[in-house]
Every structure is written in structure tokens, then in C-alpha cells.
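Descriptive structure summary
Next come the chains, spelled out residue by residue.
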Amino acid sequence: MSEELRGVVVCHGALAGALVEAAEQISGLNGVLVPVSNTGCDRDTLEDRVRAAVNGQPAVVFVDLASGSCLVAVLKRLRSEQLVKVVTGVNLAMLVDFVFHRSLSPDEAATRAAAAGEKSIRIP
Amino acid sequence: MAIVLCRIDDRLVHGQVVIGWGRAMGIDLIILVDDQVAASDWEQELYRMAVTPEIEVSFVTMADAARQLPEWQANGKRGLVLTGDLETMAALRASNPEVVQKINLGGIHHRAGRRERLPFIYLTDPELGALQALEAGGAVITAQDLPTTVPVALKALG
């Protein structure tokens with residue numbers, strides 16, 4: 001990939017902003033993840049927010065739940081985009097992995113991030 | 001049972017509907033009345049993903065819903081009728097005022113021209129007027145996003 005991937009985090013309430021802030025604190029990389037909240041907007045507005053955040057660039061879009069308004073907005077706007085991949089169940093581990101692997105293809109970065117996220121779920 | 005909730009929510013089938021109201025009211029049938037979703041298999045699949053397996057979901061057009069309201073009212077399921085806008089709910093009420101007697105304003109969000117009435121309810125003055133006309137015609141309309149919050153009477157939204 002000649003262009004580094006954009007990361008977009010779409011969540012309910014204030015979760016996306018908090019996840020992005022935490023990922024920046026851990027990685028030291030600022031401005032590579034764009035948070036999008038569904039707070040205060042209807043379906044069309046949320047879809048517009050998602051589209052603006054992706055901005056026509058190759059991206060991985062992280063969504064909190066594998067259903068619901070955030071995922072619906074993301075898939076309605078982006079399902080036909082070949083260079084955008086969607087990962088659900090976002091957590092901090094997958095975002096931290098992603099920000100250090102933005103030179104991969106969207107497919108590769110999404111697969112990697114999902115694996116990192118799954119690996120971080122434990123009952124220690 | 002019957003139709004136990006008629007809700008307007010522009011996010012359609014989502015967590016507040018399925019978890020918030022669905023569990024509290026023992027809903028076992030969600031009827032989404034939306035012409036666009038009724039015509040789109042992949043959108044139906046997306047919304048179905050938000051619903052727990054014990055709840056049945058039906059995607060219908062406005063015309064089909066108007067025809068089927070008496071059947072849903074008479075069957076043994078606890079049903080939730082959901083529309084994404086005021087106009088569809090008003091049309092449903094016009095078709096069957098006995099079934100669509102109480103209307104829950106659950107989520108009507110910001111758009112150009114709308115003013116905040118509650119954090120989850122934005123209405124233009126004509127939209128508020130349309131709701132007031134429904135209430136003058138006998139409907140009982142309250143705004144309430146979740147069953148754990150206090151319902152707000154329509155007259156308080158003006």
C-alpha cells in the first residue's frame with residue numbers, strides 16, 4: 001500500500017472518543033484514528049459522519065457491536081467500498097495493533113486487528 | 001396478548017428497542033413498518049442481527065401493516081410496532097385507531113429545521129403540530145427512550 005490506512009472507530013455514546021484517546025496514550029501515535037459517535041443523530045446523519053470520517057480513503061472501520069445502529073450505518077455507506085474493511089467488537093488491543101500496521105492492505109490489517117482483539121480476551 | 005407498544009424511533013431496530021423495551025415488556029414480535037427496509041433483503045438481515053433469537057421480527061410496508069394490524073392485535077404474541085418517522089405512525093393510527101392508541105416517541109433526532117425538545121426528541125413546529133393533532137384525535141402520546149425513564153407528556157414538548 002502506498003497510502004497508510006485510516007482507522008475509524010464508530011461506537012455508541014462516548015466510547016469511540018475514549019477508545020481513541022486511550023489508544024493514543026498507549027501508542028504515542030496521535031491523529032491516526034478518527035472517532036465517530038452515534039449520539040444525537042438519526043440514521044442519515046450517522047451515515048454522513050461515517051462517510052466523512054473515512055473520507056474516501058483506504059480504511060479499517062471498527063464498530064462496537066456486531067449489530068445495531070452503528071453497524072447499520074457503516075455497512076449501508078461502505079459495503080460497496082473495496083478498500084474499506086469493517087471489524088466489529090472493537091477493543092483497545094485491536095486498535096493498538098492496528099495503528100502500528102497501517103501500511104498493510106485493509107484486508108490484512110483488519111484480519112490482524114481482529115486476531116489481536118480476540119487474543120486479548122481472557123479469564124486470567 | 002396484542003400490540004403492547006407503538007414506537008417511533010428513527011434508528012429502527014437497535015439496542016434500546018430490543019434490550020431496553022424488549023426485555024422489560026416481554027416482547028416476542030417486533031414489527032418494523034418501513035417501505036424501504038421491507039424491500040431490501042440485506043437491510044433486513046442487518047436489523048435481524050440486532051434481535052435476540054427468542055424475538056420474531058417482521059418487516060412490512062405501510063400498506064401491509066395497515067392490513068395486518070387486526071391480526072397482530074388478535075394473536076397471542078406481545079407485539080411492538082416500530083416506525084422510523086411520524087408520518088408512518090400517523091398513517092397507521094388513521095388505519096386503525098383502536099390498536100394504535102398509545103404512541104411512544106422513542107428517538108427522533110436532529111435534522112435541519114428541528115428543535116431540541118428532549119435530548120432524544122427533535123421536532124419542527126409542524127411536526128409538533130401533527131402530533132398535537134393526533135392527540136386531539138384521541139391518541140395518547142408520550143416521549144420515553146427507555147422503560148426505566150419517566151415518560152414525558154406531549155404538552156411538555158411545546
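What follows is about the overall build of chain A. Summing up its helical and strand segments, chain A has five helices and four strands in all. Secondary structure elements of chain A occur, N-terminal to C-terminal, as β-α-β-α-β-α-β-α-α. On C-alpha atoms alone, chain A measures out to a radius of gyration of 13 Å, which is about the 14 Å that the 2.2 N^0.38 rule sets for 124 residues. Dimensions of chain A, computed from C-alpha atoms along their principal axes, come out at roughly 40 × 35 × 25 Å. Residues counted as buried form 44% of the 124 residues belonging to chain A. Taking the contacts inside chain A whose residues are at least 6 apart along the sequence as the reference set, 65% of them involve residues at least 24 apart.

Time to look at the overall build of chain B. A tally of helices and strands in chain B yields six helices and nine strands. Its C-alpha atoms give chain B a radius of gyration of 15 Å, within 12% of the compact-globule value 15 Å for 158 residues. Judged by the C-alpha coordinates and their principal axes, chain B covers about 40 × 30 × 30 Å. Of all 158 residues assigned to chain B, the portion counted as buried reaches 38%.

Quick look at helix α4 (residues 92-99) of chain A now. Within α4 of chain A, burial applies to Met 94, Leu 95, Asp 97, Phe 98 and Val 99 of chain A. Buried positions along α4 of chain A lie against β1 (6-11), α1 (15-27), β2 (33-37), β3 (59-63), β4 (84-88) and α5 (106-119) of chain A.

Moving on, we come to the confidence of the model for chain B. The predicted model of chain B averages 95 in pLDDT, with 99% of residues at 70 or higher. Predicted complex, confidence summary: ipTM 0.76, pTM 0.86.

A few words now on the interface of chain A and chain B. Taken together, the contacts link twelve residues of chain A with ten residues of chain B. Secondary-structure elements contributing two or more residues to the side of chain A that touches chain B are α2 (43-54) and α3 (69-78) of chain A. The leading source of residues in the side of chain A that touches chain B is α3 of chain A, at four residues. Class assignment for the residues of the side of chain A that touches chain B results in five nonpolar, five polar and two charged.

So, on to the sheet that holds β1 of chain A. All names here are of chain A. Reading across from one edge, β2-β1-β3-β4 is the order of the four strands in this open sheet, with parallel pairing throughout. One side of each edge strand has no neighbouring strand; the edge strands of this open sheet are β2 and β4. Taken over all neighbouring pairs, the strand axes of this sheet differ in orientation by 20 degrees on average, direction set aside. In the sheet, β1 pairs with β3 via five bridges, with the strands oriented parallel. Counted as the bridge partner of Val 10 is Val 63 from β3. Packed on one face of the sheet, α5 meets β3 and β4 and runs near 10 degrees to β4.

What follows is about α5 of chain A. Residue and element names in this part refer to chain A. Counted at 1.5 Å a residue, the expected span for α5 with its 14 residues is 20 Å, and the 20 Å between its end C-alpha atoms agrees. Looking only at α5, the buried set comprises Pro 106, Ala 109, Ala 110, Ala 113, Ala 114 and Gly 117. Taken down its axis, α5 places every buried residue within 130 degrees of arc, on the same side. When the buried face of α5 is taken as reference, the exposed residues oriented beyond 90 degrees from it are Asp 107, Glu 118 and Lys 119. On the buried face of α5, the contacting elements are β3, β4 and α4.

This part is about the sheet that holds strand β9 (residues 152-153) of chain B. All names here are of chain B. With respect to topology, seven strands assemble into an open sheet ordered β3-β2-β4-β1-β5-β8-β9, the strand pairing being mixed. Each of the sheet's edge strands pairs with one partner strand only, and the pair in question is β3 (56-60) and β9. Bridge count for strand β8 (residues 140-143) against β9 is two bridges, and the pairing is antiparallel. Among the inter-strand pairings, Ala 143 is bridged to a residue of β9, identified as Val 152.

About the cut-offs
- Residues numbered from 1 in each chain as written.
- Chains lettered and ligands numbered in written order.
- Predicted model: local features only at pLDDT ≥ 70, side-chain atom pairs only at ≥ 80, totals over all residues.
- Helix = DSSP H or I, 4+ residues; strand = E, 2+ residues; numbered from the N terminus.
- Rg over C-alpha atoms; globule rule 2.2 N^0.38 Å.
- Buried ≥ 20, exposed ≤ 12 C-beta atoms within 10 Å, placed from the backbone.
- Contact = placed C-beta atoms within 7 Å.
- pLDDT = per-residue confidence, 0-100.
- Nonpolar A, V, L, I, M, F, W, Y, C, P; charged D, E, K, R; others polar.
- Pairing = 2+ DSSP bridges.
- Axes fitted to C-alpha atoms, helices over the stretch in contact; angles between N-to-C directions.
- Expected span 1.5 Å × (residues − 1).
- Arc of directions from axis to C-beta.

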